[in-house]
Amino acid sequence: MPVPEEPTATPTPTPATTEDGRRVSRKAVLRAAAALGAAPFLIGAPVALARERPASGGTPLAPTPECHDGDEPTVEQMEGPYFKPNSPLRNSLVTSGTPGTRLTVSGYVFGRACRPVPGVLLDFWQADDNGAYDNSGYGFRGHQFSTAQGAFSLTTIVPGLYPGRTRHLHVKLQAPGRRVVTTQLYFPGEPRNGTDSLFDSRLLMNVRQAGPGLEATFDFVLDVAQDPTTPPTTPPPTTPPTGSWAAGRAYRAGDGVTYAGLSYRCLQAHTSVTGWEPPNVPALWQRL
């Protein structure tokens with residue numbers, strides 16, 4: 001008989017800012033509809049991302065739930081019994097023969113001023129396609145570091161159902177010189193979300209179909225103080241727009257593009273992907 005990973009009980013209500021109890025940004029809905037076109041989110045409206053914070057300011061998102069220092073239980077999300085230290089350094093947990101539905105999770109790690117935090121350790125672990133954890137080796141375990149732009153990307157599979165739990169991914173984050181943050185990520189529309197006592201709608205990923213697999217996005221917000229008025233680096237000179245923005249291109253800081261008739265300057269080098277159009281990602285593009 002399997003040992004329950006975490007206790008189950010009557011669901012605990014979580015703070016809500018919309019009628020359905022999920023923190024959803026109206027701006028996120030409108031942008032997603034325009035950006036995604038024929039590739040809709042799988043379930044309902046998209047979850048608000050940290051990158052959706054208005055460029056003119058506004059209330060910052062609550063920090064990703066942190067662990068206590070050991071004197072008290074974890075406030076928001078528990079580690080569970082299957083965490084193992086010293087996971088391999090890798091951003092892919094699968095091979096060509098790994099069974100399961102492919103899943104890519106990507107996003108950014110932001111500080112309190114909604115600026116990217118580079119060099120953050122992200123340690124992921126999860127159940128396999130059958131809902132089992134590898135406790136003898138390091139299957140479906142791996143760590144990586146956020147890039148200079150605060151970005152991360154994980155290639156894995158959709159985890160199988162574990163007794164008593166809804167589908168979820170575990171992750172520990174640690175910004176340089178900061179305390180460890182432990183949390184879990186969830187999938188929208190899962191039937192067990194309503195019966196899992198640990199489920200928290202604030203930790204829902206945006207998920208959409210991508211061919212035979214799924215693509216998910218989530219932005220972490222860590223309690224890292226940042227000056228919202230001082231850019232992390234001096235903006236480079238703007239290169240005159242060389243053409244329209246397009247997915248799959250490698251942009252350098254200072255590159256200029258046009259999108260929907262407007263001009264933008266690239267703030268941080270990156271490879272563009274659908275969903276990160278210039279108006280959607282102020283951390284990467286500045287409107288001119």
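Nothing here was measured: the structure is a model prediction, and the numbers come from that model.

A few points about the nonpolar core
Counting 34 residues, the largest nonpolar core has Val109, Leu122, Leu173, Met205 and Phe220 as the members making the most contacts within it. For this core, the secondary structure elements donating two or more residues are strand E1 (102-110), strand E2 (121-125), strand E4 (151-157), strand E5 (168-174), strand E6 (181-186) and strand E8 (213-217). Once residues lying within four places of it in the same chain are set aside, the contact partners of Leu173 are Val109, Val120, Leu121, Leu122, Arg179, Val180, Val181, Thr183, Phe220 and Leu222.

A word on the sheet that holds E5
The strand order across the open sheet built from four strands is E3-E2-E5-E6, with neighbouring strands paired in antiparallel fashion. What marks the edges here is a single partner per strand, and that holds for strand E3 (141-145) and E6. The average undirected angle you get between the axes of adjacent strands in this sheet is 25°. For E2 and E3, the ladder comprises five bridges, and the chain directions are antiparallel. What sits directly across from Trp125, in E3, is Arg141.

Some points on the environment of Tyr264
Along the chain, Tyr264 turns up in strand E12 (residues 262-266). On the basis of relative accessible area, Tyr264 is assigned to the buried category, the value being 6%. Distance from Tyr264 to Arg287, taken between C-alpha atoms, is 4.4 Å for residues 23 residues apart in sequence. Once residues lying within four places of it in the same chain are set aside, the contact partners of Tyr264 are Asp255, Gly256, Val257, Tyr259, Pro278, Pro279, Trp285, Gln286, Arg287 and Leu288.

Section: the pattern of salt bridges
On inspection of all chains with the given rule, the structure shows six salt bridges. With its nearest N and O atoms 2.7 Å apart, the salt bridge here joins Arg202 to Asp200. Of the residues examined, Arg202 reaches a relative accessible area of 25% and is grouped as partly exposed. Among the residues examined, Asp200 registers a relative accessible area of 3% and is labelled buried.

Observations concerning the sheet that holds strand E14 (residues 285-287)
Strands pair in a sheet through their backbones, by hydrogen bonds, and they do so in one of two ways: parallel or antiparallel. Across the sheet, which stays open at both edges, the three strands sit in the order E11-E12-E14 with antiparallel pairing between neighbours. Every other strand in the sheet has two partners, leaving strand E11 (256-259) and E14 as the edge strands with one partner each. If you compare each strand with its neighbour and ignore which way they point, the axes differ by 40° on average. Judged from the four bridges that link them, E11 and E12 form a sheet pairing that is antiparallel. Note on E12: the bridge partner recorded for Thr258 is Ser263.

Section: the packing of aromatic side chains
Following the criterion strictly, the structure yields 11 aromatic pairs and no others. Taking the centre distance of 5.8 Å and the plane angle of 70° together, the rings of Tyr133 and Tyr162 count as edge-to-face. With a gap of 29 residues between them, Tyr133 in the loop between E2 and E3 and Tyr162 in the loop between E4 and E5 connect regions that are remote in the sequence. Taking the relative accessible area as the measure of exposure, Tyr133 reaches 9% and is therefore buried. Residue Tyr162 is classed as buried on the basis of its relative accessible area of 5%. Pairing Tyr251 with Trp285 gives two aromatic rings, centres 5.1 Å apart and planes at 80°, and the pair type is edge-to-face. Residue Tyr251 is found in strand E10 (residues 250-251), and its partner Trp285 is found in strand E14; the two are separated by 34 residues along the sequence. Tyr251 gets classed as buried once you look at its relative accessible area, which sits at 7%.

Observations regarding unusual backbone geometry
Trans is the prevailing form of peptide bonds, just as negative phi is the prevailing case for residues other than glycine. In this structure, Phe140 takes a positive phi of about 55° despite not being glycine. Backbone geometry at Ala260 places phi at a positive 55°, although glycine is not the residue there.

What about the confidence of the model for the protein chain?
In low-pLDDT regions, the fine details of the predicted coordinates are not to be read closely. Residues at a pLDDT of 70 or more form 68% of the protein chain, whose mean pLDDT is 75. Within the protein chain, no element has a lower average pLDDT than helix H1 (residues 26-36), which sits at 32, and none a higher one than E4, at 97. In this model residues 7-41 is a low-confidence stretch, pLDDT under 50, and it forms 66 contacts with partners more than four residues away in sequence or in other chains. In the model, residues 66-76 has pLDDT below 50 throughout and makes 17 contacts with residues more than four positions away in sequence or in other chains.

Conventions and cut-offs
Residues numbered from 1 in each chain as written. Predicted model: local features only at pLDDT ≥ 70, side-chain atom pairs only at ≥ 80, totals over all residues. Heavy atoms only, no water. Core = buried A, V, L, I, M, F, W, Y, C linked by side-chain atoms within 4.5 Å. Buried < 20%, exposed > 50% of the residue type's maximum accessible area, 1.4 Å probe, protein only. Helix = DSSP H or I, 4+ residues; strand = E, 2+ residues; numbered from the N terminus. Contact = heavy atoms within 4.5 Å. Pairing = 2+ DSSP bridges. Axes fitted to C-alpha atoms, helices over the stretch in contact; angles between N-to-C directions. Salt bridge = Lys/Arg side-chain N within 4 Å of Asp/Glu carboxyl O. Phe/Tyr/Trp six-rings, centres within 6.5 Å; stacked < 30°, edge-to-face > 60°. pLDDT = per-residue confidence, 0-100.

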